[in-house]
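Listed here are the chains, written in short residue letters.
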Amino acid sequence: MSTATTEPVLSYDEALEKFDPVMGLEVHVELNTKTKMFCGCATEFGAEPNTQVCPVCLGLPGALPVVNEKAVESAIRIGLALNCEIAEWCRFARKNYFYPDMPKNFQTSQYDEPIAFNGWLDVEIPAASGDGTEVFRVEIERAHMEEDTGKSLHVGGSTGRIHGAEYSLVDYNRAGIPLIEIVTKPLRGAGERAPEVAKAYVATLRDLLRALHVSDVRMEQGSLRCDANLSLRAKAADGQAQDDVPLGTRTETKNVNSLRSVERAVRYEICRQAAILDGGDKVTQETRHWHEDTGVTTSGREKSDAEDYRYFPEPDLVPVAPARETVDELRTTLPEPPAQRRKRLQADWGYSDLEMRDVVNAGAVELIELSVEAGATPAGARKWWTGELARRANAEGKGVDEFGVTPEHVAELDRTVKDGRLNDSMARQVLDGVIAGEGSPVEVADARGLELVQDDDALEAAVDKVIEANPDVAEKVRSGKVQAAGALIGQVMKEMKGQADAGKARQIILSRLGVG
Amino acid sequence: MSSLSRDDVAHLAGLARIDLSDAELDKMVGELSVILESVAKVQQAGAEDAPPMSHPMPLTNVTRPDEVRPSLGADAALAMAPASELQRFSVPRILAED
């Protein structure tokens, strides 16, 4: 199979003129429990292969699974936070399939009895008017408990992909790690905003799960994964309600593993399906794979012929029947709803709507909260997370929290600037060092010898030298053109090899020239 | 009543990758036959009025605390596999070439 085939696409505007997109999003979240869903094996990410396995998660004969109490608790809390009803009684089921990523030949999941169902999550997107935000309510179909699968390495063939591989090598450390699958109802009515709504939903869900402390929610490590279902239907004719138009055939796009990809993948599928329908053909119901590098989806036929999973209730596990008192108790442990929390924090921090939107878009709400707790000023914390770090994150297609920079680092960096030890450009160099793993900001500044020169004599000498060398500019400033001082400040900073406080240099220049 | 032959048991053992000696094979033919006969008896029970059940015990909420227990260790785990490489289980080609 070739992945290089480029399918025709319609332009986004034309696609939306002709068709109405309907989405469904499935998010898998790996819980951060210490042990697996049904056995006591550790769940450490990045452990040596097959060191966190036992008879239960290897599916050895006679091994008996037992449910992880904490995982059930987390599942209920997630359900409650998504405004779901919690089942009074529910069971696990075996999802049978033949694929070596599960050594049991089935995945223990939940089928028609999910632990949580019928909920909703409000997500905010920038208003179409460009002013403020609008709320889109995402209806939640269900959230159920299951277990993750092992990881395969495909050997042979040229691409390292499953196609053309001679054989595969499997690591079962991940097999059995608790997963919660959260499934939305079909999202209608988002229209041209569909890709944005998809991204905002996953971002909001990620923030909510993070606030619940139930998962690391690291998309790049796979602890939060998204599959995007999409179909198109014709635009309603005059006088016809859009919801009276029957739904089209959907595709399920897998491997959508960053917030940016969620938006891009939905957008791409809209354009691709539109071209097919516009050409009078039919969309094939299939699984598709998203390719981050090329920004396209390709047909993935792996599972298309094996959709009959022969579900049946898991006979080795007894039903889960959460007592209503337990559910009520867990309800009291829920964090503040994200929208309400954002409003409170925005007021506390004194951010404008626009500033807060940047913070939310950068996924930095909690990071800033932690930075402020660690002693950063709200303005300083925002500057670093949504400025320098967000810029790097965008450039490298990463999250702002993926550079090894912690809220404590940001608080320390902010402090060194506020205390006058570093100026902004030096602080950026220090941040480079922190990202390079050279230590905390103070350690990096020490090691690199970065410190503002506090010696006023040296600064005054530099000012005098620069004024003497630039009599024309100095005269302009003397005659009242204060903004011309900028050129002098630049030279003084150069003279001081960047290690001076620019504000102070300005002060001295102005006072020397009699305009201070 | 189905009866199990010695060849059937040898075949099953092969599928399950269990090495059985001749003596063990003989023993298994007898024991497995008894099990099959017992299950066949259950099939004779009138099931019309009995609601389907997924577990024989009327229990709910059997859980364990989230505490790590020792794992097998990679060597012990991989010792059971017919083939391994890079400390991973080696499995035959998953998809045919297309």
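All figures in this text were calculated on a predicted structure; none of them were measured in a lab.

**Some details on the overall build of chain B**
Reasoning step 1: Across its full length, chain B holds three helices and three strands.
Reasoning step 2: Its helices and strands in sequence order give chain B the pattern α-α-β-α-β-β, from N to C terminus.
Reasoning step 3: Computed over C-alpha atoms, the radius of gyration of chain B comes to 21 Å, more than 25% over the 13 Å expected from 2.2 N^0.38 for 98 residues, which places it beyond the range of a compact globule.
Reasoning step 4: For chain B, the spread of C-alpha atoms along the three principal axes comes to 55 × 45 × 40 Å.
Reasoning step 5: The buried share among the 98 residues of chain B stands at 8%.

**A word on the overall build of chain A**
Reasoning step 1: Of the regular secondary structure elements, chain A holds 16 helices and 15 strands.
Reasoning step 2: Its C-alpha atoms put chain A at 85 × 60 × 55 Å along the principal axes.
Reasoning step 3: Partitioning the contacts of chain A with sequence separation of at least 6, the portion at a separation of at least 24 is 70%.

**A closer look at the pairing of strand β14 (residues 296-300) of chain A**
Residues and elements named next belong to chain A.
Reasoning step 1: Note: strand β13 (residues 287-291) against β14, five bridges, orientation antiparallel. Bridging across to β14, R288 finds its partner in S299.
Reasoning step 2: Here β13 hands over to β14 after four residues, with G295 in that stretch at a positive phi of 70°.

**Things to note about the sheet that holds strand β15 (residues 312-313) of chain A**
All names here are of chain A.
Reasoning step 1: The strand order across the open sheet built from three strands is β5-β4-β15, with neighbouring strands paired in antiparallel fashion. Edge positions in the sheet fall to β5 (106-109) and β15, since each of these pairs with one other strand and no more.
Reasoning step 2: In this structure, strand β4 (residues 93-96) lies alongside β15, joined through two bridges in antiparallel fashion. Looking at β15, one finds that A93 is bridged to P313.

**Remarks on the packing of helix α10 (residues 407-418) of chain A against helix α11 (residues 424-435) of chain A**
Residues and elements named next belong to chain A.
Reasoning step 1: Packing of α10 against α11 leaves a shortest axis separation of 10 Å and a crossing angle of 155°. It follows that α10 is roughly antiparallel to α11 by the angle criterion. Crossing angle aside, the handedness with which α10 passes α11 is right-handed. Contact residues: H409, L413, T416 and V417 in α10; D424, A427, V430, L431 and V434 in α11.
Reasoning step 2: The residue makeup of the contact of α10 with α11, split by class, is six nonpolar, two polar and one charged.

**Brief notes about helix α7 (residues 353-361) of chain A**
All names here are of chain A.
Reasoning step 1: When α7 is considered as a whole, its buried residues turn out to be M356, V359 and V360. The buried residues of α7 all sit within an arc of 95° when viewed along its axis, so they share a single face.
Reasoning step 2: Looking at the buried side of α7, the elements it contacts are α6 (338-349), α8 (365-373) and α9 (378-396).

**Quick word on the interface of chain A and chain B**
Reasoning step 1: Listed per partner, the contact involves 42 residues of chain A and 33 residues of chain B.
Reasoning step 2: The element contributing the most residues to the side of chain A that touches chain B is strand β9 (residues 167-171) of chain A, with five residues.
Reasoning step 3: For the side of chain A that touches chain B, the residue count by class is 24 nonpolar, 10 polar and eight charged.
Reasoning step 4: Examined bridge by bridge, β9(A) and strand β3 (residues 88-92) of chain B share four bridges and lie antiparallel to one another. Residue pairing across strands places A:S168 opposite B:V91, the latter belonging to β3(B).

**Concerning the sheet that holds strand β1 (residues 19-30) of chain A**
All names here are of chain A.
Reasoning step 1: An order of β3-β6-β7-β10-β1-β11-β12-β13-β14 is seen for the nine strands of this open sheet, with the pairing classed as mixed. In this open sheet, the two edge strands, each paired with only one partner strand, are β3 (85-86) and β14.
Reasoning step 2: Sitting on the sheet, helix α2 (residues 69-81) is in contact with β3, β6 (116-126), β7 (133-147) and β10 (178-184), with an inclination near 155° to β7.

**A closer look at the domain arrangement of chain A**
Residues and elements named next belong to chain A.
Reasoning step 1: According to the domain assignment, chain A consists of domain 1 (12-328), domain 2 (336-447) and domain 3 (456-512).
Reasoning step 2: The gap between the C-alpha centroids of domain 2 and domain 3 is 31 Å.
Reasoning step 3: At the interface, four residues of domain 2 touch four residues of domain 3.

**Some words on the confidence of the model for chain B**
All names here are of chain B.
Reasoning step 1: Overall, the prediction assigns chain B a mean pLDDT of 87, with 95% of residues at 70 or greater.
Reasoning step 2: When mean pLDDT is compared element by element in chain B, strand β1 (residues 63-64) scores highest at 97, while helix α1 (residues 6-15) scores lowest at 89.
Reasoning step 3: For this predicted complex, the interface confidence reaches an ipTM of 0.78, while the overall pTM sits at 0.77.

**Digging into the packing of helix α3 (residues 194-212) of chain A against helix α4 (residues 259-278) of chain A**
All names here are of chain A.
Reasoning step 1: Across the interface, α3 lies against α4 with an axial gap of 8 Å and an inter-helix angle of 150°. On the basis of their axis angle, the class for α3 and α4 is roughly antiparallel. Crossing angle aside, the handedness with which α3 passes α4 is right-handed. Across the interface between the two elements, A194, P195, E196, A198, K199, V202 and A203 of α3 pack against L259, V262, E263, V266, R267 and I270 of α4.
Reasoning step 2: Partitioning the contact of α3 with α4 into residue classes produces nine nonpolar, no polar and four charged.

**A look at the nonpolar core**
Residue and element names in this part refer to chain A.
Reasoning step 1: Counting residues in hydrophobic clusters, the biggest one holds 91 residues, and the most contacted among them are M23, A75, I115, A143, A198, Y201 and A228.
Reasoning step 2: Among the elements that take part in this core, α3 stands out by supplying 10 residues, more than any other.
Reasoning step 3: Excluding residues within four positions of it along the chain, A198 makes contact with M23, L25, A228, V262, E263 and V266.
Reasoning step 4: V359, W385, A393 and A485 belong to the second-largest nonpolar core, a separate cluster that totals 49 residues.

**Description of the environment of A:A194**
All names here are of chain A.
Reasoning step 1: Turning to its location among the elements, A194 is positioned in helix α3.
Reasoning step 2: Distance in space between the C-alpha atoms of A194 and E263 is 8.3 Å, their sequence separation being 69 residues.
Reasoning step 3: Not counting residues up to four positions away in its chain, the partners in contact with A194 are P21, M23, V266 and I270.

**Here's the deal with unusual backbone geometry**
Residues and elements named next belong to chain A.
Reasoning step 1: In this model, N83 sits at a positive phi of 60°, which is unusual for a non-glycine residue.
Reasoning step 2: Overall, the presence of 16 C-beta atoms within 10 Å leaves N83 in the partly exposed class.
Reasoning step 3: Unlike most non-glycine residues, N105 shows phi in positive territory, near 70°.
Reasoning step 4: Within the fold, N105 resides in the loop between β4 and β5.

Cut-offs and rules
Residues numbered from 1 in each chain as written. Chains lettered and ligands numbered in written order. Predicted model: local features only at pLDDT ≥ 70, side-chain atom pairs only at ≥ 80, totals over all residues. Helix = DSSP H or I, 4+ residues; strand = E, 2+ residues; numbered from the N terminus. Rg over C-alpha atoms; globule rule 2.2 N^0.38 Å. Buried ≥ 20, exposed ≤ 12 C-beta atoms within 10 Å, placed from the backbone. Contact = placed C-beta atoms within 7 Å. Pairing = 2+ DSSP bridges. Axes fitted to C-alpha atoms, helices over the stretch in contact; angles between N-to-C directions. Parallel < 35°, antiparallel > 145°, perpendicular 65-115°, else oblique. Left-handed = near helix turned anticlockwise from the far one by under 90°. Nonpolar A, V, L, I, M, F, W, Y, C, P; charged D, E, K, R; others polar. Arc of directions from axis to C-beta. Domains from an automatic or database assignment. pLDDT = per-residue confidence, 0-100. Core = buried A, V, L, I, M, F, W, Y, C linked by C-beta atoms within 7 Å.

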